[in-house]
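Results of the structural survey
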Amino acid sequence: MSLLFIEWNADPTIITLFGFPIRWYGLCFALAFLAGFQVVSYMFKKEGRSVEQADQLLLYTMVGTVVGARMGHYFFYEFPLLLADPVRFFIQMITPPFSGLASHGAAIGLFTAFYLYTRKHKGQSYLYVTDRIVIAAALAGFFIRFGNLMNSEIIGKPTDLPWGFKFLRDYEFNPSGLAAFVVPRHPSQLYEALSCLLLFFILLYLWNLKKEKTPAGFLTGIFMIFVFTLRFFYEFLKENQSSFENSLTLNMGQILSIPAVLFGIGVLYYAKRKA
């Protein structure tokens, strides 16, 4: 075991005001939407579209993200509870605080929300919208995974690497809470956060080359392939989120990433054909 590691003891709560805790994850979630709105507004202005359209798209995006991520977590990772106690399953799913959110579910919720948005805005094609949103989504992914890091959740497997984090506030794999039993682990949240930030700059650069003349679906395809290919391999470094995954050859995150990558390849092929 390496003697080099980083002790991570970040407090998930920034400050408590009038008995109400302000948490890093909530702040990061809000920053994800705020930054995303600024990015989409910037692109719409450059392409001659109104900011009001960006406002409406933000509303669809927020609802699609939260509803999709919440439902995705329960249907993908809490499915045994649905089989055992359906009533409790649905009550927990709609009861705050919403601590369980799944990125694959968020993706499904977003694509559904964009379909509803484009039905009301005939001047914008479906892939036109997704091509702009995925740029903002990449930046949002950075903030959300940073929030996971501040929460000491979705942690990685033990490692000997010098950048391993000792998550002192991890009580899932160290129920005793004793620092002596904490081992260095992969900071998988940081891996994904930095990957999303890199993807954001790549997509923004590619959009800036042609702006509204960017082939429809081109950026969406790159986003899906990049994010979910890395997600597939990052899962090898992460602890499973549900116990039923321990008996699977591939965990749920990897199983769901395969069709997402294939979808991205299909969209990218379509964009190349229609360019």
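Each chain has its residues counted from 1, following the order in which its sequence is written. Reporting in this predicted model follows two pLDDT cut-offs: at least 70 for local features of residues, and 80 or more for side-chain atom pairs to be given and counted; totals over whole chains, interfaces and linings ignore these cut-offs and use all residues. Only hydrogens and water are set aside; all other atoms, that is, all heavy atoms of the structure, feed into the side-chain values.

On to unusual backbone geometry, then. Phi is mostly negative for residues that are not glycine, and the peptide bonds are mostly trans. One non-glycine residue, Ser152, adopts positive backbone phi at about 55°. Note that Ser152 resides in the loop between α6 (126–150) and β4 (165–167). Overall, the relative accessible area of 7% leaves Ser152 in the buried class. Look at Lys211: it is not a glycine, yet its phi comes out positive at around 50°. Its location among the elements puts Lys211 in the loop between α7 (188–210) and α8 (218–234). The secondary structure listing takes helices from DSSP runs of H or I that are at least 4 residues long and strands from runs of E that are at least 2 residues long, numbered from the N terminus. The buried label goes to any residue with under 20% of its type's maximum accessible area, the exposed label to any with over 50%, and the partly exposed label to all in between, with areas taken from a 1.4 Å probe on protein chains only.

A few words on the UniProt feature "binding site: a 1,2-diacyl-sn-glycero-3-phospho-(1'-sn-glycerol)" (unreviewed entry) in the chain. When the UniProt feature table is mapped to this numbering, "binding site: a 1,2-diacyl-sn-glycero-3-phospho-(1'-sn-glycerol)" (unreviewed entry) covers Arg145. Its place among the elements puts Arg145 in helix α6. In this analysis, two residues are considered to be in contact whenever any of their non-hydrogen atoms come within 4.5 Å of each other. Setting aside residues up to four positions removed in sequence, Arg145 forms contacts with Ser103, Ile154, Gln189, Glu192, Ala193 and Arg231. At a separation of 2.7 Å, a polar atom in the side chain of Arg145 contacts the side chain of Asn148. UniProt positions are given in the numbering used here, feature names are shortened, and annotations may be inferred rather than shown by experiment. Whenever a nitrogen or oxygen atom comes within 3.5 Å of another N or O atom, the pair is scored as a polar contact, on the condition that within protein one atom can donate a hydrogen and the other can accept it, and that pairs from neighbouring residues in sequence are kept only if both atoms are in side chains.

Bringing the UniProt feature "transmembrane region" (unreviewed entry) in the chain into the picture now. Mapped onto this structure's residue numbering, the UniProt feature "transmembrane region" (unreviewed entry) falls at residues 24–45, 57–77, 97–118, 125–144, 190–209, 216–234 and 254–271. Along residues 57–77 one finds 100% helix and 0% strand; the C-alpha atoms at either end are 29 Å apart. For residues 216–234, the helix share is 89%, the strand share is 0%, and the end-to-end C-alpha distance is 29 Å.

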